[in-house]
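Spelled out, the chains give:
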Amino acid sequence: MEEIFVTGGAGYIGSHTLRALKIRGYDPVCFDNLSTGFREFAGTLPLIRGDLANCSDIERAFSSHRIRAVIHFASHALVEESCRNPYKYYYDNILNCLNLLSTMNRHGVRYFVFSSSCATYGIPAQVPIAETTPLNPVNPYGATKMMIERILADFGRAHGLRFVALRYFNAAGAHPDGTIGEWHVPESHLIPRLFNVALESGSTAEVYGKDYPTADGTCLRDYIHVTDLAAAHVSALEHLFRGRDSDIFNLGTGQGHSVLEVIRQAAAATGREIPMTFKPRRPGDPPALVADPARAGAVLEWIPGHSSLSEIVESAWNWHRARSARSVPESSPV
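Here the structure is a predicted model, which is why all the values come from computation and not from measurement.

A. Up close: the overall build of the protein. Helices and strands together make up the secondary structure of the protein, namely 10 helices and 14 strands. Computed over its C-alpha atoms, the radius of gyration of the protein comes to 19 Å, within 12% of the 20 Å expected for a compact globule of 334 residues. Expressed as lengths along the three principal axes of its C-alpha atoms, the size of the protein is roughly 55 × 45 × 40 Å. In the protein, buried positions account for 53% of the 334 residues. When the accessible surface of the protein is split by element, carbon and sulfur atoms take 51% of a total near 14,100 Å². Measuring between centres, the 31 positive side-chain charges of the protein sit 3 Å from its 34 negative side-chain charges.

B. Quick peek at the nonpolar core. Ranked by internal contacts, the top residues of the largest apolar core, which has 37 residues, are Ile4, Ile13, Leu21, Leu166 and Leu251. When residues of this core are traced back to their parent elements, those giving at least two are strand E1 (3–7), helix H1 (12–23), strand E4 (67–72), strand E5 (111–117), strand E6 (162–168), helix H7 (226–241) and strand E11 (247–251). With 25 residues, the next largest nonpolar core counts Ile48, Leu52, Ile94 and Leu100 among its residues.

C. The arrangement of the packing of aromatic side chains in detail. A full pass over the atoms with the stated rule returns 10 aromatic pairs. Relative to Trp319, the ring of Phe41 lies with its centre 6.0 Å away and its plane at 70 degrees, an arrangement referred to as edge-to-face. You can see Phe41 sitting in the loop between strand E2 (28–32) and strand E3 (47–49) and its partner Trp319 sitting in helix H10 (residues 309–325), a full 278 residues away along the chain. Classification of Phe41 by relative accessible area gives buried; the value is 2%. What makes Trp319 buried here is its relative accessible area of 1%. With centroids separated by 6.5 Å and ring planes inclined at 25 degrees, the aromatic side chains of Phe112 and Phe114 adopt a geometry described as stacked.

D. A look at the sheet that holds E1. The parallel open sheet is built from seven strands, whose spatial order is E3-E2-E1-E4-E5-E6-E11. Strand pairing shows two members of the sheet lacking a second neighbour, E3 and E11, which therefore form its edges. The sheet shows a mean angle of 20 degrees between the axes of neighbouring strands, direction not considered. As defined by bridge partners, E5 adjoins E6 across seven bridges and the pair is classed as parallel. What sits directly across from Val113, in E6, is Val164. In the packing of helix H2 (residues 55–64) onto the sheet, contacts are made with E1, E2, E3 and E4, and the angle to E2 comes to roughly 165 degrees. Contacts from H7 reach E1, E4, E5, E6 and E11, with the element oriented near 160 degrees to E6.

E. Local environment of the pattern of salt bridges. A complete count under the given rule lists 13 salt bridges for this structure. A salt bridge links Asp177 to Arg19, with the shortest nitrogen-to-oxygen separation between them at 2.9 Å. Here Asp177 is found in the loop between strand E7 (170–172) and helix H6 (190–199), whereas its partner Arg19 is found in helix H1, with 158 residues between them in sequence. Residue class for Asp177 comes out partly exposed when judged on its relative accessible area of 43%.

F. Quick look at the packing of H1 against H7. Close contact between H1 and H7 brings their axes to 8 Å; oriented N to C, the two are set at 60 degrees. Taken together, the axes of H1 and H7 lie oblique to each other. Seen from above, H1 lies across H7 with right-handed handedness. Counted together, Tyr12, Ile13, His16, Thr17, Ala20 and Leu21 of H1 and Val226, Thr227, Leu229, Ala230, His233, Val234 and Leu237 of H7 form the full contact between these two elements. Split by residue class, the contact of H1 with H7 holds nine nonpolar, four polar and no charged.

Scoring rules and cut-offs
Residues numbered from 1 in each chain as written. Predicted model: local features only at pLDDT ≥ 70, side-chain atom pairs only at ≥ 80, totals over all residues. Heavy atoms only, no water. Helix = DSSP H or I, 4+ residues; strand = E, 2+ residues; numbered from the N terminus. Rg over C-alpha atoms; globule rule 2.2 N^0.38 Å. Buried < 20%, exposed > 50% of the residue type's maximum accessible area, 1.4 Å probe, protein only. Areas by Shrake-Rupley, 256 points an atom, 1.4 Å probe, with all protein chains shown as cover. Lys, Arg positive; Asp, Glu negative; His and termini not counted. Charge placed at Lys NZ, Arg CZ, Asp CG, Glu CD. Core = buried A, V, L, I, M, F, W, Y, C linked by side-chain atoms within 4.5 Å. Phe/Tyr/Trp six-rings, centres within 6.5 Å; stacked < 30°, edge-to-face > 60°. Pairing = 2+ DSSP bridges. Axes fitted to C-alpha atoms, helices over the stretch in contact; angles between N-to-C directions. Contact = heavy atoms within 4.5 Å. Salt bridge = Lys/Arg side-chain N within 4 Å of Asp/Glu carboxyl O. Parallel < 35°, antiparallel > 145°, perpendicular 65-115°, else oblique. Left-handed = near helix turned anticlockwise from the far one by under 90°. Nonpolar A, V, L, I, M, F, W, Y, C, P; charged D, E, K, R; others polar.

In C-alpha cells, the structure reads:
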C-alpha cells in the first residue's frame, strides 16, 4: 500500500496529522530526528529516525517504503532564535527541504504538502490577511518559509511537482483524548508558558510589549486548534490527489485574540491567578496577525470546528495538567 511520508511527524502538529491521516484510511510513515519531537507522539505508527540533512537517510526511507506523497513539517520554527541565529535557519530549513525535494524527484513522488506560515507576510498593511497580501517577512524564519514556497513553484515548473503550501497562524490546543499536545524544550509558545506559571508558585508570565497599536497594547494573534490544522493537511493532500492545481492557503479562524485575552482565558480554565511581568517587544513580532481563511473554506472545504479560544485553552490545559502529573514525557527530546 502506498504511504504518506511525514517529516517531523513526532512533533506537535506532525503527530496530530499522523493520527488524522490514519483515521482517514492512509498509511503514514513518520520521519523525525527526535531533536525536538518525541518517540511516544508517533504512537504505534512506523517511525524512521533520520535527518533531512543526511541525504542517505532520506534515500533509505524512500527505498524501503512505497511513498505516494510527502507532508513536510520538519524545520526550525522559533522567530526569536531565527533573529539571533539566521545562518541556522537559512541553512537548515532551506537546504534540508532541497534534499527532500531532490529525493522525491528521483523517486517520482509528485505530491507535497508544506507547513508554511503567516510569518511570510511580515507586518501586513491590513488585517484580516488574504493570500494575495504581499509577502514581506520581518524575520529569518518567515523568510525561509517564503523562499521554500518559491522553490516549490520552481520545482513544479521544472519537474511536475504538485504542492499545497499552508500558511497557518498560531497553532494551539491538544488532542481531545489527552495523549498528545504541545511540548517544546525550551517552551516558547504562549499558552503552555501560561500553564507553567499557573503550576509554579512564584513565577510570572512574561508579556513582550504593551505598546502595540492594538486595543489593549499587546500582540493580536489568530489561534487555530491543532486538530483543525491536522484536518487541513489531509484536505490539502486530497485536493492534490483529485488532480487539482498547486495552491496556497491561509489556515486560521479570522478572529484575533490579544495576549491579555489569552491570559484571562488561561486563568479561567485553570482557576488560578497568572501574574504578569511586561517586557520589551521581541524582535520580529508583528503587532497583529489574523487570517482571512475564506479560500481554504471554499477550495479545500475546510472549516475549523474546534478553534474557539475556550476550547483551545481547555484542551491544552487538560493535556498540560496530565503531562505535569507525570513530570516529563515518556520520551524526552534527544
